[in-house]
Amino acid sequence: LIQFLISELTVARKSFIEFGVGNYKESNTRFLLMKDNWSGLVFDSSKNNIDQVKNAYYFWHHDLIAKNRWITVENIEAEIRQCGLAGDIGLLHIDVDGNDFWIWQKIEVITPIIVIIEYNSVFGVERSITTPYRADFDRTKAHHSNLLFGASLRGLVHLGHEKGYAFVGCNSAGNNAYFVRREFLTPNVKEVSVEAGYVESHFRESRGQDGRLTWLQGDSRLECISGSEVFDIATQRLVKL
């Protein structure tokens, strides 16, 4: 999907930022770094993960900055500025398992052409909701199931519209939503509706009270977190699932 987008869009500044990269073995930007020789900035909350990145051969072989940081609304703008990034960049990917909506809402120092952001498929297609903001949000502490995190697709599309981005689709895994700045849309990269672009996830990551996988599927995942408090983006108030 990323390769298709960069082949269709005019990206002058070939740089990226990605939050929540783990040890960078599974990510959205490593192929851009190594295949297309983009420069980048990656963050992860684990020092061990970032140490692994810095010890990898691609770290010296390419233009990559790797930082061990817990990203919050309060620090994100300063962290980006400290790395010398501002204005137009090629791509931003946000995957912090919780405050994704609030982080994207806060970011103004950069204006990426492409934004990829994790959505919570469990919240469904109708609701415009996100987990309430907490700087120390931890999805496992929020609910033992690990299913109460992030924002619904409709909520992210709502925010994207406010920031000047068009929703162009989701990946087949049903966890990443893709946005393009409106002025960069092309005949082959078009805006789609939430209903047309939504993909339900099929991975079974739910856990029980004992921390073991329970393999919940479909609507049973939403039932598991029913009654939890979320923030309604449209009405700007807290509601219960």
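Refer to the structure printed above.
Predicted model only: the values in this text are computed from it and were never measured. (Residues numbered from 1 in each chain as written. Predicted model: local features only at pLDDT ≥ 70, side-chain atom pairs only at ≥ 80, totals over all residues. Heavy atoms only, no water.)

A. Examining the pairing of strand β2 (residues 39–44) more closely. Burial runs high along β2: 5 of the 6 residues are buried. Two strands pair when backbone bridges link them, and strand β1 (residues 15–19) and β2 are joined in this way by 5 bridges, in the parallel orientation. Bridging from a neighbouring strand, F16 pairs with G40 of β2. Judged from the 5 bridges that link them, β2 and strand β3 (residues 64–68) form a sheet pairing that is parallel. Paired with G40 across the strands is L64, a residue of β3. (Buried < 20%, exposed > 50% of the residue type's maximum accessible area, 1.4 Å probe, protein only. Helix = DSSP H or I, 4+ residues; strand = E, 2+ residues; numbered from the N terminus. Pairing = 2+ DSSP bridges.)

B. Examining the environment of S152 more closely. With respect to the secondary-structure elements, S152 resides in the loop between α7 (139–142) and α8 (153–163). The spacing of S152 and Y24 is 128 residues in sequence and 25 Å in space, taken between C-alpha atoms.

C. Molecular detail of the pattern of salt bridges. Counting across every chain of the model gives 13 salt bridges. Linking K67 and E79 is a salt bridge whose minimum nitrogen-to-oxygen distance equals 2.8 Å. On the criterion of sequence distance, the pair formed by K67 in strand β3 and E79 in helix α5 (residues 76–82) is long-range, its members being 12 residues apart. In this structure K67 comes out as buried when scored by relative accessible area, which is 11%. You can call E79 buried: its relative accessible area is 9%. Between R139 and D97 there is a salt bridge, and its shortest N-O distance comes to 3.5 Å. Here the residue R139 occupies a position in helix α7, and D97 occupies one in the loop between β4 (87–94) and α6 (100–106), the gap between them amounting to 42 residues. In this structure, a network of salt bridges that share partners links the residues K67, R69 and E79. (Salt bridge = Lys/Arg side-chain N within 4 Å of Asp/Glu carboxyl O.)

D. How the structure looks around the layout of surface pockets. Its boundaries defined by the atoms lining it, the largest pocket holds a volume of some 930 Å³. For the largest pocket, the lining is made up of 40 residues, of which G20, D95, V96, D97 and E118 are closest to its centre. Of the residues contributing to the lining of the largest pocket, the split by class is 13 nonpolar, 17 polar and 10 charged. The calculated volume of the second largest pocket comes to roughly 260 Å³. Taken together, W70, T131, P132, R134, D136, F137, D138, K141, A142, L148, S228 and E229 make up the lining of the second largest pocket. (1 Å grid on protein atoms, 1.4 Å probe; cavity = no way out; pocket = protein on both sides within 12 Å on 5 of 7 lines; lining within 4 Å. Points joined across faces, edges and corners; volume = space filled by probe spheres on them. Nonpolar A, V, L, I, M, F, W, Y, C, P; charged D, E, K, R; others polar.)

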